[in-house]
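Structure at a glance
Here is how the chains run, residue by residue.
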Amino acid sequence: MITKQDIFSYEIDPKYNTSVAYFSMEFAIDQALKIYSGGLGFLAGSHLRSAYELKQNLLGIGILWKYGYYDQVRDGNALMKSEFIQKDYFFLQDTGIVFTVTVHDAPVHVKAWLLKPDTFGSAPLLLLSTDIPENDDVSRSITHRLYDGNESTRIAQTIILGIGGAMLLDALGIEPEVYHMNEGHSVSLNFYLYAKFKSLEEVKKRVVFTTHTPEMAGNESHNYELLKEMSLFYHLQVHEVKYILGMQGDDFNYTLAALKFARKANGVSKLHREVATQMWGNNEGVCEITAITNAQNENYWVDALLADAFTNGDNAMATLRKKELKKTLFKEVANQCGKLFDENVLTVVWARRFAGYKRADLIMRDWERFEKLVNNAQYPIQLIWAGKPYPGDTDSVNLFNHIISRSKTFKNCAVLTGYELGLSALLKKGADIWLNNPTMYREASGTSGMTAAMNGAINLSLPDGWVPEFAADGENCFLIQPADDHLPAEEKGRLENENLMHVLEEKVLPVYYDNQPKWFQIQKKAAKDVVPAFESGRMADEYYRVLYQL
């Protein structure tokens with residue numbers, strides 16, 4: 001059987017000697033390992049990369065999704081559709097460990113695989129799978145699809161991640177000083193720890209929690225009786241769970257429970273900490289919520305030649321390299337859409353997890369003005385959209401396809417499918433402007449703009465999530481003025497579309513075409529301001545200093 005020495009291929013830096021198990025439903029480590037959906041995975045992947053670079057005593061616990069999230073492809077009409085294609089990974093090491101976890105009062109066999117640190121340059125990652133011959137078809141399907149649409153399957157997934165992950169650590173003889181829940185999906189581990197240590201206080205000594213969701217509806221909850229039937233509470237009865245946590249009602253909220261089990265929690269930006277405290281702070285027994293702003297790994301994301309040009313103040317080299325990167329991106333545009341983009345034309349990219357509140361179509365809201373923008377001969381523009389909607393979210397899938405249909409006739413507009421790590425990097429390196437226009441206070445952090453700024457793509461953004469901590473309007477980004485908070489949603493959308501278009505037409509385009517020295521200064525300052533403040537080495541260190549240390 002594999003040992004702890006086999007898991008860690010590097011010597012731990014004594015500064016980071018506290019042992020941490022980092023539980024996350026998804027990790028975006030490398031394009032080749034498709035076990036993520038979006039920003040939560042991108043964040044976890046950068047965290048593990050920086051933990052490796054800093055030689056921290058941290059290992060990841062996740063799930064080996066047989067079909068990943070899904071493959072975003074096109075149907076016969078060139079609209080998106082979801083395909084579920086089996087993934088095989090010959091670079092994972094078989095740990096030789098198989099154990100059983102109780103799900104729905106029945107034993108489910110779980111096999112553990114290891115992503116070794118040197119494979120992709122990350123902290124070690126243990127991945128759990130139920131897709132083995134010892135299980136029946138229903139049990140095997142638990143680890144088939146990330147965020148499965150079936151409620152019972154989703155609950156089973158959280159049991160495998162939380163209880164299964166904790167049991168695996170025991171099987172390995174590893175007793176972490178800290179169990180870190182990255183979002184509430186692993187909340188079941190607390191019930192395993194409660195059975196082991198016999199008190200809430202003992203669990204609290206060991207558990208910390210990161211919350212990512214600044215709206216109540218997005219925080220997962222299920223009926224207590226269903227969770228009891230599914231065995232999520234391990235050996236506890238419903239009345240015991242309610243008594244221990246001081247929770248009432250018919251539904252068990254993962255986030256609220258995690259905040260009661262943890263000794264300390266964090267929001268993922270300073271603004272999000274305020275929102276999270278307002279959401280949860282009035283509940284008795286919740287822990288302190290601090291702020292540790294998300295970040296991304298520079299070594300993985302940055303184009304080294306472009307970074308050198310910014311560091312050296314070499315405008316000519318930066319311009320040349322940016323055009324080379326745009327050409328590389330535009331080959332993918334031509335491949336997917338049959339449109340030939342021009343590297344000399346300002347290129348705006350909207351790309352991220354595709355959800356309604358992120359408002360991919362805000363720029364199209366005033367259609368007549370949008371048409372004028374894309375047909376402007378004096379200041380030409382190119383627009384690219386990309387992102388993966390949740391496959392069961394019909395509204396978001398329809399919106400994605402609506403944008404494809406509406407933009408299809410414009411030779412300078414393209415919608416790309418297959419938004420994963422590889423395409424994300426192409427877009428960030430090839431964009432001139434990185435557009436971010438969510439509904440205010442709905443974006444806990446957002447990290448795509450960080451890696452865009454590392455690569456000379458200037459943020460055009462509403463001041464939500466991480467942006468207020470970074471933004472100097474007109475100096476390292478362009479800000480969109482938000483509408484008054486008290487206005488109706490429809491009026492907010494109208495005003496924020498007007499404000500977005502105003503900044504594009506009156507500031508962004510004139511600077512790009514008429515004042516290239518200023519454009520370069522904005523790019524250079526953005527690249528300087530984003531690292532190290534929003535580089536995940538800072539974040540990984542901060543987790544040790546702020547969240548992990550007693």
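Anything mentioned here points back to the structure above.
Notes on the structure in this doc start here.

Regarding the overall build of the protein chain
A tally of regular secondary structure across the protein chain gives 22 helices and 19 strands. The C-alpha radius of gyration of the protein chain comes to 23 Å, within 12% of the 24 Å expected for a compact globule of 550 residues. By residue count, 60% of the 550 residues in the protein chain fall in the buried class. For the protein chain, the computed accessible surface area is about 20,800 Å², with 48% contributed by carbon and sulfur atoms. Side chains of the protein chain give 56 positive and 69 negative charges; the mean places of these two sets differ by 3 Å.

Quick word on the side chain of Asn476
Mapped onto the fold, Asn476 is located in the loop between helix H19 (467–470) and strand E19 (477–479). A distance of 2.8 Å separates a polar side-chain atom of Asn476 from the backbone nitrogen of Ala472. Only 3.0 Å separates the side chain of Asn476 from the side chain of Asp529, close enough to count as a polar contact. Residue contacts for Asn476: discarding those within four places in its chain leaves Ile458, Phe470, Ala471, Ile522, Lys525, Ala526 and Asp529.

A look at the environment of His235
Inspection of the secondary structure assignment puts His235 in the loop between helix H8 (224–230) and helix H9 (238–245). When the C-alpha positions of His235 and Phe191 are compared, they lie 7.8 Å apart, and in sequence the two are 44 residues distant. For His235, the residues in contact, after removing those within four places along its chain, are Ala195 and Glu240.

Remarks on the packing of aromatic side chains
Summed over the entire model, instances satisfying the criterion amount to 37 aromatic pairs. Judged by centre distance (6.2 Å) and plane angle (35°), the ring pair of Phe478 and Trp519 falls under tilted. Of this pair, Phe478 sits in strand E19 while Trp519 sits in helix H21 (residues 516–530), and the two are 41 residues apart along the sequence. The two residues Phe478 and Trp519 agree in class, both being buried. Between the NZ or CZ atom of Arg145 and the centre of the ring of Phe84, over which it lies, the distance is 3.6 Å. Positioned above the aromatic ring of Phe197 is the side chain of Arg206, whose terminal nitrogen or guanidinium carbon lies 3.7 Å from the ring centre.

Notes on the sheet that holds strand E9 (residues 207–210)
With respect to topology, nine strands assemble into an open sheet ordered E5-E6-E7-E2-E1-E8-E9-E12-E13, the strand pairing being mixed. Of all the strands in the sheet, just strand E5 (93–103) and strand E13 (288–291) have a single pairing partner and so form its edges. Taken over all neighbouring pairs, the strand axes of this sheet differ in orientation by 25° on average, direction set aside. Bridging between strand E1 (residues 20–23) and strand E8 (residues 178–182) involves four bridges; their strand directions are parallel. Among the inter-strand pairings, Tyr22 is bridged to a residue of E8, identified as His180. In this fold helix H5 (residues 151–171) packs onto E1, strand E2 (58–63), E5, strand E6 (106–115), strand E7 (125–129) and E8, with an angle of close to 120° to the strand it touches most, E5.

Thoughts on the nonpolar core
Core analysis: the largest hydrophobic core is formed by 152 residues, its most contacted members being Phe233, Leu245, Phe252, Ile363, Trp385 and Tyr548. Broken down by element, this core gets its largest block of residues, ten residues, from H5. Sequence-distant contacts of Tyr548, that is, excluding residues within four places in its chain, are made with Thr18, Val20, Tyr22, His47, Leu58, Val178, His180, Val208, Arg263 and Tyr543.

Concerning the packing of helix H13 (residues 304–312) against helix H14 (residues 315–337)
Running from N to C, H13 and H14 cross one another at 160°; their axes reach a closest spacing of 9 Å. Taken together, the axis directions place H13 and H14 in an arrangement best described as roughly antiparallel. In this structure, H13 meets H14 at a crossing whose hand is left-handed. Here Leu305, Leu306, Ala309 and Phe310 of H13 lie close against H14, whose contacting residues are Met317, Ala318, Arg321, Lys322 and Leu325. A class-by-class count of the residues in the contact of H13 with H14 yields seven nonpolar, no polar and two charged.

Points about the side chain of Asn266
Here Asn266 is to be found in strand E12 (residues 264–267). Among the polar contacts listed, one links the side chain of Asn266 to the side chain of Tyr543, at a separation of 3.0 Å. Setting aside anything within four residues of it in sequence, one finds Asn266 in contact with Phe209, Thr210, Thr211, Ile289, Thr290, Ile292, Tyr543 and Leu547.

Quick notes on unusual backbone geometry
The amide bond that connects Val531 to the next residue, Pro532, takes the cis arrangement and shows omega of 10°. Relative to the elements of secondary structure, Pro532 occurs in the loop between H21 and helix H22 (536–548). A positive phi angle is found at Ala78, which is not glycine, with a value near 70°. Here Ala78 is to be found in the loop between strand E3 (71–74) and strand E4 (80–83). Here Ala78 falls in the partly exposed class, since its relative accessible area comes to 26%.

With respect to the pattern of salt bridges
Considering all chains together, one arrives at 27 salt bridges under this definition. Ionic pairing is found between Lys326 and Asp432, a salt bridge with its closest N-O pair at 2.6 Å. Within this pair, whereas Lys326 is found in helix H14, its partner Asp432 is found in the loop between helix H17 (421–430) and strand E17 (433–436), the two being separated by 106 residues in sequence. Asp432 matches Lys326 in its accessibility class, with the two residues each being buried. Residue Arg494 pairs with Glu491 through a salt bridge whose shortest N-O separation is 2.5 Å. Taken as a pair, Arg494 and Glu491 lie in helix H20 (residues 489–514) at a separation of three residues, close to a single helical turn. The structure contains a network of salt bridges with shared partners spanning Lys15, Asp541 and Arg545.

Focus: the sheet that holds strand E15 (residues 381–386)
Note: strands within a sheet are paired through backbone hydrogen bonds, in either parallel or antiparallel orientation. Taken together, six strands build an open sheet; the order of strands is E16-E15-E14-E17-E18-E19 and the sheet is parallel. On the outer flanks of this sheet lie strand E16 (413–416) and E19, each paired with one strand and no other. Neighbour-to-neighbour, the strand axes of the sheet open up by a mean angle of 20°, direction not taken into account. Sheet analysis places strand E14 (residues 346–351) next to E15, joined by six bridges and oriented parallel. Along E15, the bridge assignment pairs Ala351 with Ala386. Seen against the sheet, H14 touches E14, E15 and E16 and runs at an angle of roughly 80° to E16.

Calculation notes
- Residues numbered from 1 in each chain as written.
- Predicted model: local features only at pLDDT ≥ 70, side-chain atom pairs only at ≥ 80, totals over all residues.
- Heavy atoms only, no water.
- Helix = DSSP H or I, 4+ residues; strand = E, 2+ residues; numbered from the N terminus.
- Rg over C-alpha atoms; globule rule 2.2 N^0.38 Å.
- Buried < 20%, exposed > 50% of the residue type's maximum accessible area, 1.4 Å probe, protein only.
- Areas by Shrake-Rupley, 256 points an atom, 1.4 Å probe, with all protein chains shown as cover.
- Lys, Arg positive; Asp, Glu negative; His and termini not counted.
- Charge placed at Lys NZ, Arg CZ, Asp CG, Glu CD.
- Polar contact = N/O pair within 3.5 Å; in protein donor to acceptor, adjacent residues only side chain to side chain.
- Contact = heavy atoms within 4.5 Å.
- Phe/Tyr/Trp six-rings, centres within 6.5 Å; stacked < 30°, edge-to-face > 60°.
- Lys NZ or Arg CZ within 6 Å of the ring centre and 35° of its normal.
- Pairing = 2+ DSSP bridges.
- Axes fitted to C-alpha atoms, helices over the stretch in contact; angles between N-to-C directions.
- Core = buried A, V, L, I, M, F, W, Y, C linked by side-chain atoms within 4.5 Å.
- Parallel < 35°, antiparallel > 145°, perpendicular 65-115°, else oblique.
- Left-handed = near helix turned anticlockwise from the far one by under 90°.
- Nonpolar A, V, L, I, M, F, W, Y, C, P; charged D, E, K, R; others polar.
- Salt bridge = Lys/Arg side-chain N within 4 Å of Asp/Glu carboxyl O.

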